[in-house]
Amino acid sequence: MTVLGGYLGAGKTTLVNHLLRNADGRRIALAVNEFGALPIDSDLIEGADGNVLTLAGGCICCTFGSDLVAGLMELAERADTLDHIIIEASGVALPDAIAQSLSLVPGVGLDAIVVMADAETVRARASDFYMGDTITRQLAAADLLVVNKTDLVAEDALGALDSWLATMSPSARIIRAEQAVVAADVVLGAGRCAAAVTRSMPQSPNHTTAAHASARFAVDHVVDAAQLGAGLAKPASGLVRSKGFVHDAVRGWTTVQVVGSRVTLTPMPAGSERQGRLVCIAQGRRLDEAALRAIIDTAARAEI
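Residues numbered from 1 in each chain as written. Predicted model: local features only at pLDDT ≥ 70, side-chain atom pairs only at ≥ 80, totals over all residues. Heavy atoms only, no water.

**Section: the overall build of the protein**
Stated precisely, the cut-off is as follows: For helices the rule is a DSSP run of H or I covering at least 4 residues; for strands it is a run of E covering at least 2, with both sets numbered from the N terminus onward. Taken over C-alpha atoms, the radius of gyration is set against a globule rule of 2.2 Å times the number of residues to the power 0.38. For each residue, the accessible area found with a 1.4 Å probe, counting protein chains only, is set against the maximum for its type, and the residue is called buried under 20%, exposed over 50%, and partly exposed in between. Contacts are residue-level and defined by heavy atoms, with any inter-residue pair within 4.5 Å sufficient. To measure how exposed things are, a 1.4 Å probe is used in the Shrake-Rupley method; for residues, cover is taken only from the protein chains shown.
Across its full length, the protein carries 10 helices and 15 strands. A compact globule built from 304 residues should have a C-alpha radius of gyration of about 19 Å, and the protein, at 19 Å, falls within 12% of that. Its C-alpha atoms give the protein principal-axis dimensions of about 55 × 50 × 35 Å. Out of the 304 residues belonging to the protein, those deemed buried represent 52%. Look at the contacts in the protein between residues 6 or more apart in sequence, and 72% of them connect residues 24 or more apart. Of the roughly 13400 Å² of accessible surface on the protein, a fraction of 52% belongs to carbon and sulfur atoms.

See the structure below:
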């Protein structure tokens, strides 16, 4: 599950519609307080039944009203038909508080807190007497911080903004976006099964576009999964997200998910192919494949 936060006007609605249009086979459930709070593009809606909209590509949108936990429990019952759930927080909500409520929902885990910021206004709003506390707390909660509307800001001002945001969101990976265009692979994790990671990837092992770069690695040796995750989570790796399967000497076959500084290790889903593999994703830069392979090899040497 992904919690999507950010102040009013940052571009959350635009991002959600972009993700639904570019889901790459993922079956996404979008949870909102009420439909009017997050307009879904009309051409994406295939039908409606009570508090659920049926969307294109096997996706749905549902309202949870005032009881988020009850709404998420209903979605958890649909686990066999979904890959990922996005909770769209209101512009004045604190996304980390929403994320904490997930512990009350069996079978649901947090993939990441994604926070959007308006490049034009975030710094001024963060210093505002009335809204500043909310905005700074939203920024501090981010695993992935999407700085939107960068086309409206001069490059030198963006550099200064990046430096300021790094102090406001010390644990986050910061990426730039125009019109909320961010690859689904960057924003969303692997869903129910980490095998879903690779189904949207190209046939060649490595892939680079103007938006993001990705590479796949075979992990043939037993590794220290915690050490691997910690290495991939370091800012020097240049990654916004890593995910895959590895064989850990203590945990056995393990799913590794890394977004920002958040590292999650869980048992490999039953029925998954027992083959070590890892997908690494960068945004707005090329991958240093030699450096990433060194991180993998170091984690392997730890088990020799």
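**Focus on the pairing of strand S9 (residues 173–176)**
Which entries qualify depends on this criterion: Strands are labelled as partners when DSSP assigns at least two bridges between them. The handedness rule is simple: strands pointing away from the viewer, and a clockwise path from the first strand over the helix to the second, make the crossover right-handed.
Burial along S9 is one-sided: Arg 173 and Ile 175 are buried, and none of Ile 174 and Arg 176, which face the opposite way, are. As paired elements, strand S8 (residues 144–148) and S9 share 4 bridges and run parallel to each other. Of the residues in S9, the one forming a bridge with Leu 144 is Arg 173. Crossover S8 to S9 through helix H6 (residues 155–168) is right-handed.

**Quick look at the packing of helix H9 (residues 225–233) against helix H10 (residues 289–301)**
Applied cut-off: Lines fitted to C-alpha atoms define the axes, with helix axes restricted to the stretch in contact, and inter-axis angles between N-to-C directions lie between 0 and 180 degrees. Note that the term roughly parallel is reserved for angles under 35 degrees, roughly antiparallel for angles over 145, roughly perpendicular for angles of 65 to 115, and oblique for everything else. Whether a crossing is left-handed or right-handed is set by the direction in which the near helix is turned from the far one by less than a right angle, anticlockwise for left-handed and clockwise for right-handed. Basically, the charged four are Asp, Glu, Lys and Arg, the nonpolar ten are Ala, Val, Leu, Ile, Met, Phe, Trp, Tyr, Cys and Pro, and anything else, Gly included, counts as polar.
Interhelical geometry of H9 versus H10 gives an angle of 155 degrees and a closest axis separation of 8 Å. In terms of orientation, H9 lies roughly antiparallel with respect to H10. Considering only the axes of H9 and H10, their crossing is right-handed. Residues Gln 227, Leu 228, Gly 231 and Leu 232 of H9 pack against Leu 292, Ile 295, Ile 296, Thr 298 and Ala 299 of H10. Grouping the constituent residues of the contact of H9 with H10 by class yields 6 nonpolar, 3 polar and no charged.

**With respect to the packing of aromatic side chains**
Condition: For Phe, Tyr and Trp, rings pair up if their centres lie within 6.5 Å, where Trp contributes its six-membered ring, and each pair is then called stacked (planes under 30 degrees apart), edge-to-face (over 60) or tilted (otherwise).
Applying the stated criterion across every chain, the model contains 1 aromatic pair. Each ring, one from Phe 129 and one from Tyr 130, has its centre 5.2 Å from the other, and the planes form 90 degrees; the classification is edge-to-face. Exposure remark for Phe 129: the relative accessible area of 74% places this residue in the exposed category.

**Notes on the pairing of strand S3 (residues 45–49)**
Buried residues are scarce in S3, accounting for 0 of its 5 residues. As judged from the 4 bridges shared by S3 and strand S4 (residues 52–55), these two strands associate in the antiparallel manner. Residue Ile 45 lies in a different strand from S4, and its bridge partner there is Leu 55. Hairpin connection from S3 to S4: 2 residues lie between these consecutive antiparallel strands, with Gly 50 at a positive phi of about 65 degrees.

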